[in-house]
Amino acid sequence: DLDRILRASHHSDLVRLLALLTLVIAGSVILGWLTGSHHLVTLAPGLPTMKLNTAIAASLLAVALLSLTRDARPTRWSRWLVSGPCAIASVLAVSALVERVTGHLHLVDVAILDDRFTPAHSGPPGLMSQAAAIGLILTAIGIRARSAPLVLVCSSLAAAIASVAGIAFLLRAGGLSNIPF
């Protein structure tokens, strides 16, 4: 049972830390979009930005994870704090995939806020990447199912997809030399 595992102190501390880190990063990206600060929405100039809807979905999934680590017995409200954010994050991600497949771009992806940061060479402005969308959907499924093996499988698949997509993009964009590390 995932609830029991996540409430074990050594597991819940790690999950809380990672969820809070996700909230800080996604929150910084959201703040960057709202204030127009390019430095908060990308790793380096010329690289793609994290899209606003991606940051919102990641924040929602972090809230769902935080609610799972609470010490209290699950209530209707706490179940909603898992199901609601997972559902909203999934809708954002599925809508991004539908936009890509149908070619009806800019329906939901940029409806929240216009994308003025995306470099012209990186594809249509404002679109959540397919890898991010699939990763968010898998993560939401894993969290919502509350099954430890399913969470592990979904999270691993999401991380693998994100890694492959990130490496592919960096190779296409000129390698790792653009990242200021």
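Quick notes on the rules
- Residues numbered from 1 in each chain as written.
- Predicted model: local features only at pLDDT ≥ 70, side-chain atom pairs only at ≥ 80, totals over all residues.
- Heavy atoms only, no water.
- Helix = DSSP H or I, 4+ residues; strand = E, 2+ residues; numbered from the N terminus.
- Buried < 20%, exposed > 50% of the residue type's maximum accessible area, 1.4 Å probe, protein only.
- Areas by Shrake-Rupley, 256 points an atom, 1.4 Å probe, with all protein chains shown as cover.
- Core = buried A, V, L, I, M, F, W, Y, C linked by side-chain atoms within 4.5 Å.
- Contact = heavy atoms within 4.5 Å.
- Axes fitted to C-alpha atoms, helices over the stretch in contact; angles between N-to-C directions.
- Parallel < 35°, antiparallel > 145°, perpendicular 65-115°, else oblique.
- Left-handed = near helix turned anticlockwise from the far one by under 90°.
- Nonpolar A, V, L, I, M, F, W, Y, C, P; charged D, E, K, R; others polar.
- Expected span 1.5 Å × (residues − 1).
- pLDDT = per-residue confidence, 0-100.
- Patch = residues over 30% accessible without salt bridge, like charges linked within 9 Å, V, L, I, M, F, W, Y side chains within 5 Å.
- Salt bridge = Lys/Arg side-chain N within 4 Å of Asp/Glu carboxyl O.

Trainee: Tell me what's going on with the overall build of the protein chain, and back it up with residues and numbers.
Mentor: Of the regular secondary structure elements, the protein chain holds six helices and zero strands. When the elements of the protein chain are put in sequence order from the N terminus, they spell out α-α-α-α-α-α. Here the protein chain, with 181 residues, has 38% of them falling under the buried criterion. Summed over its atoms, the accessible surface of the protein chain is roughly 9900 Å², and 70% of this surface lies on carbon and sulfur atoms.

Trainee: Give a detailed account of the nonpolar core, specifying residues and quantitative values.
Mentor: In terms of nonpolar packing, the biggest core is built from 17 residues, with Leu-61, Cys-86, Ala-93, Met-128, Leu-136 and Ile-143 touching the most fellow members. Secondary-structure elements contributing two or more residues to this core are α3 (52-68), α4 (76-102) and α5 (130-145). Ranked by residues supplied to this core, first place goes to α4 with six residues. Apart from residues lying up to four places away in sequence, Leu-136 is in contact with Thr-54, Ala-57, Ala-58, Leu-61, Ala-93 and Met-128. If you look at the next biggest cluster of nonpolar residues, it comprises seven residues, including Ala-26, Leu-52, Ala-55 and Ala-58.

Trainee: Tell me what's going on with the packing of α3 against α5, and back it up with residues and numbers.
Mentor: The packing of two helices is summarised by the inter-axis angle and the distance between the axes. At a minimum axis separation of 11 Å, α3 and α5 run at an interaxial angle of 15°. Regarding the angle of α3 to α5, the classification is roughly parallel. Handedness of the α3/α5 crossing: left-handed. Judged by residue contacts, Thr-54, Ala-57, Ala-58, Leu-61, Ala-64, Leu-65 and Leu-68 of α3 engage Ala-132, Leu-136, Thr-139, Ala-140 and Ile-143 from α5. Across the contact of α3 with α5, the residue classes break down as 10 nonpolar, two polar and no charged.

Trainee: Could you give an account of the environment of Gly-135, with specific residues and numbers?
Mentor: Tracing the sequence through the fold places Gly-135 in helix α5. The class for Gly-135 is buried, based on a relative accessible area of 8%.

Trainee: Account for α4, with residues named and values stated.
Mentor: An ideal rise of 1.5 Å per residue puts 39 Å on 27 residues; α4 measures up with 37 Å between its terminal C-alpha atoms. One or two steps after α4, the chain reaches Gly-103, where phi turns positive at roughly 80°.

Trainee: Which residues make up the confidence of the model for the protein chain, and what values go with them?
Mentor: On average, residues of the protein chain carry a pLDDT of 75, and 67% of them reach 70 or more. For the protein chain, helix α1 (residues 2-7) is the element with the lowest average pLDDT, namely 56, and α3 is the one with the highest, namely 88.

Trainee: Describe the side chain of Ser-90, and please don't skip the residues or the numbers.
Mentor: With respect to the helices and strands, the residue Ser-90 is situated in helix α4. Look past the residues within four positions of Ser-90 in its chain and what remains in contact with it is Ile-137 and Ala-140.

Trainee: Report on the environment of Ala-96, specifying residues and quantitative values.
Mentor: Among the secondary structure elements, Ala-96 is positioned in helix α4. On the basis of relative accessibility, which here comes to 1%, the residue Ala-96 falls in the buried class.

Trainee: Report on the environment of Ala-19, specifying residues and quantitative values.
Mentor: You can see Ala-19 is positioned in helix α2 (residues 9-35). Put simply, Ala-19 and Ala-58 are 39 residues apart on the chain and 9.2 Å apart in space, counted from C-alpha to C-alpha. Not counting chain neighbours up to four residues away, the residues in contact with Ala-19 comprise Ala-62, Leu-65 and Leu-66.

Trainee: Pulling in residues and values, what's your account of a nonpolar patch on the surface?
Mentor: On the surface, Leu-14, Leu-17, Leu-18, Leu-21 and Ile-25 cluster together to form a nonpolar patch covering roughly 480 Å² of accessible area. Following the sequence through the fold, Ile-25 ends up in helix α2.

Trainee: Describe the packing of α3 against α4, naming the residues involved and giving the relevant values.
Mentor: Between α3 and α4, the least distance of the axes is 8 Å, while the angle of their chain directions is 160°. Relative to α4, the element α3 is oriented roughly antiparallel. For the pair α3 and α4, the sense of crossing is left-handed. Each of Asn-53, Ile-56, Ala-57, Leu-60, Leu-61, Val-63, Ala-64, Ser-67 and Leu-68 in α3 lies in contact with α4, whose residues at this interface are Ser-78, Leu-81, Val-82, Pro-85, Cys-86, Ile-88, Ala-89 and Leu-92. In terms of residue class, the contact of α3 with α4 is built from 14 nonpolar, three polar and no charged.

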